[in-house]
Amino acid sequence: MTGSLLFTLISCAVFMALVGWVSWYMTRGMADTRDGYFLAGRGLGAGFIAGSLLLTNLSAEQLIGLNGSAYGYNLSSMGWEVTAAVATIAMALVFLPKYLTGAFTTLPQFLGDRFDATVRRMSVVLFMLGYGLVTIPSVLYSGSVAVLLLFDVQGLTGLAYFPALVATVVVIGLVGAVYAVFGGLRAVAVSDTLNGIGLLVIGVSVPVFALIALGDGDFGAGLAQLGSEHTEKLNAIGDADAPTPFGTLFTGMIFANLFYWCTNQYVIQRTLGAKSLAEGQKGVLFSGFFKVLVPFLMMVPGVIAFHMYGPGLGTIDEAYPRLIRDVLPVWMSGFFLAVLLGAVFSSFNSLLNSAATLFALDIYAPARGDRPGDAELVRVAKIASVVIALFSFVVAPLLYFSPEGLWQIIRIFTGFYNIPTIVIVIVGLFTSRVPALGAKIVIVFHVVAYGVIRFALADVVTLHFIHLYAVLFVIEVAIMLACGWLRPREEAWRFTPNAQVDLTPWRFARPLAVTLLACVVATYLLFSPLGVASSDGPGTLFSLLIAALVAATIAIWAIAWFRQPGSRAPAASPKRDGGHA
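Starting afresh in each chain, residues are numbered from 1 along the sequence in its written order. Residues qualify for local features only when their pLDDT is at least 70, as the model is predicted, and side-chain atom pairs are given and counted only at 80 or more; totals for whole chains, interfaces and linings, by contrast, use all residues. Calculated side-chain values reflect all of the structure's heavy atoms, with hydrogen atoms and water omitted.

Enquirer: Outline the side chain of threonine 101, supporting the account with residue identities and numerical values.
Expert: Helix and strand definitions here come from DSSP, where helices need a minimum of 4 consecutive H or I residues and strands a minimum of 2 consecutive E residues; each element is numbered from the N-terminal end. Its place among the elements puts threonine 101 in helix α6 (residues 84-101). Working definition: with a 1.4 Å probe on protein chains only, accessible area under 20% of the residue-type maximum means buried, over 50% means exposed, and in between means partly exposed. Here threonine 101 falls in the buried class, since its relative accessible area comes to 18%.

Okay, structure coming up:
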């Protein structure tokens, strides 16, 4: 073992041990009750919510995949990341107030309240199958592959590739499961936040070191070269042949992002644990700003790799690992490995915690007549976490035998439950007469129609899968509204308030949402032919549009700042200020 590798491993272990100790110290004795284990005692502040959302969403596949896409094509794939900020706005202003008002722990619990127990069970089955068969194993697999690509695990252990892959899967899975099984959601949130800080440090450091290397030791020279050569690589306005055509941002991607950020249990669970509506809104909106930073932190390095190595790498996924090996100082290698593993742990343990929550609260508890006590539910959730983790250890390495199809598998199986979920949630929230029958028909229709189109008619229906999301969304909303017209509920559904936390909205939620939306537009203007994707650089029109965005944002903030406090919505509990951590 070389001295540099030993230093990497030791420094990695020290950082991970520090994260583990801090997580234990801040959460000791807090996972013994139902709310404590599943919702962090409904005590998460904005910082923990934003940090956990960031790490839950970003993992090894983004680090390697997004940079690889930028290296091989352009920045069009940033659409998945940047436009997600719009969905965080919807979550903060529309969905989260409803969820916290009803004090829901899981999304299926809300669907059971809005429709009936059968819809609740059907949604749980969709989530559990998606998580158990695809999402959790794929996170473990892609994270393990990233570690193998970036660090010489085979040389270190003397194992062949597949045994080394299996060993890495098991090690990552065991460490990640410790947080989810023993610490509950709060331990997950704390460790995610600490690792999220590390990810931001790495995200800023890598492009800086890469630009210095590109400029032969001169950061300014590297930046000038990036902005003057191969500027087409900086274009985020994808054509029909791009990985993410620009038109998809306005069709199915809207609904895919709404599902992920507003209804996907393993993402929204940390927002359901917010100590107040104000803290939840802050955390969700702050995470939206992190998403806007993703192109700068996780795609620009891929473009720099193209400048440094040209198109000659074996595969596009080699771009980021090669760049890391060449530009990252040895003294940061252990920290980078710890952050990489932390990102993988985050997605894995968040999925594990949410899958166990769904099983305990939406399958086990209803089967027992909702009689189990807190201790029994926590015990069942821990057992379920262990079983699901062991199952994922078996499934994840098997993805090695079909690596070309990994991402297609993920897309296909996510497509089976993302659109029907967002359809029945939106229609459920904004109508009162649509019956449970409509939700049941939509779930069955979507699974059958989507499966037939993706498998039996794949050569006939050539519509981009993101556009297909939008088509199915419109059809399924129409089905539910038709059911509401033909066979409406006898009694209109009414939302039953059951608030457990202060529901005073954050005064600046709306102006911050406008600012976030302006940042999304500005990012697209920057990475377009009007901005840095032009060989001549940003022009007058770009400057005028940015100035207009800034002026509009300042005006919105001025209105919010001088608005009378009396216009704020009343609190739903005696606490008057939900804005303190």
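More follows now that the structure is in view.
Enquirer: Please set out the nonpolar core residue by residue, giving values where relevant.
Expert: Judged by nonpolar contacts, the single largest core of 162 residues is most densely connected at Phe95, Tyr99, Tyr131, Leu285, Phe348, Ile424 and Met480. Per-element accounting of this core gives the leading share, 15 residues, to helix α17 (residues 330-367). Not counting residues within four places of it along the chain, the set of residues in contact with phenylalanine 348 comprises Ile136, Val139, Leu140, Gly173, Gly176, Ala177, Ala389, Ser392 and Phe393. What makes a nonpolar core is a set of buried Ala, Val, Leu, Ile, Met, Phe, Trp, Tyr and Cys residues whose side-chain atoms join them at distances within 4.5 Å. Throughout, a residue-residue contact means that at least one pair of heavy atoms, one from each residue, lies within 4.5 Å.

Enquirer: Which residues make up unusual backbone geometry, and what values do they have?
Expert: Negative phi is the rule for most residues except glycine; trans is the rule for most peptide bonds. Positive phi, close to 55 degrees, is recorded for alanine 103, a residue that is not glycine. Within the element layout of this structure, alanine 103 appears in the loop between α6 and α7 (107-114). Alanine 103 gets classed as buried once you look at its relative accessible area, which sits at 7%. Within the chain, histidine 230 stands out as a residue other than glycine whose phi angle is a positive 50 degrees. Within the element layout of this structure, histidine 230 appears in the loop between α11 (219-228) and α12 (252-262).

Enquirer: Can you break down a nonpolar patch on the surface residue by residue, with the values?
Expert: Patch members must show over 30% relative accessible area and no salt bridge, and they are joined within 9 Å when carrying like charges or within 5 Å when they are nonpolar side chains of Val, Leu, Ile, Met, Phe, Trp or Tyr. Shrake-Rupley sampling with a 1.4 Å probe provides the accessible areas, and residues are treated as covered by the protein chains on show and by no other component. Salt bridge, as applied in this entry: a Lys or Arg side-chain nitrogen positioned within 4 Å of an Asp or Glu carboxyl oxygen. A cluster of nonpolar side chains, Val444, Val448, Val452, Leu457, Val460, Val461, Leu463, Val471 and Ile475, forms an exposed patch at the surface whose accessible area comes to about 680 Å². Only α20 (436-456) and α21 (465-486) provide two or more residues apiece to the nonpolar patch. With respect to the helices and strands, the residue isoleucine 475 is situated in helix α21.

Enquirer: Break down the pattern of salt bridges for me, with residues and values.
Expert: Under the criterion given, the structure shown has six salt bridges. Taking the shortest distance from any N to any O, the salt bridge between arginine 322 and aspartate 326 comes out at 3.0 Å. Separated by four residues within a single helix, arginine 322 and aspartate 326 lie in helix α16 (residues 319-327), roughly one turn from each other. Relative accessible area serves as the criterion here: at 46%, aspartate 326 is assigned to the partly exposed category.

Enquirer: Summarise the packing of helix α3 (residues 46-57) against helix α14 (residues 277-298); cite the residues concerned and give the values.
Expert: Axis lines are fitted through C-alpha atoms, for helices just across the contact stretch, and the angle between N-to-C directions can take any value from 0 to 180 degrees. Put simply, α3 and α14 touch, their axes get as near as 7 Å, and they point 40 degrees apart. In terms of orientation, α3 lies oblique with respect to α14. As α3 runs across α14, the sense of the crossing is right-handed. Within the contact between the two elements, α3 uses Ala46, Ile49, Ala50, Leu53, Leu54 and Asn57 and α14 uses Glu279, Gly280, Lys282, Gly283, Val284, Phe286, Ser287, Phe290 and Lys291. Classification used: nonpolar for Ala, Val, Leu, Ile, Met, Phe, Trp, Tyr, Cys and Pro, charged for Asp, Glu, Lys and Arg, polar for all others including Gly. Taken together, the residues that form the contact of α3 with α14 break down as eight nonpolar, four polar and three charged. Should an angle fall under 35 degrees it is called roughly parallel, over 145 degrees roughly antiparallel, and 65 to 115 degrees roughly perpendicular, with every other angle called oblique. Should the near helix be turned anticlockwise from the far one by less than a right angle, the crossing is termed left-handed; should it be turned clockwise, right-handed.

Enquirer: I'd like a description of helix α4 (residues 60-72), backed by residues and values.
Expert: Given a helix with a known number of residues, its expected span is that number minus one, times 1.5 Å. Under the 1.5 Å per step criterion, the end-to-end length of α4 is 18 Å for 13 residues, consistent within 8% with the ideal 18 Å. Where burial is concerned, most of α4 is hidden: 10 out of the 13 residues are buried.

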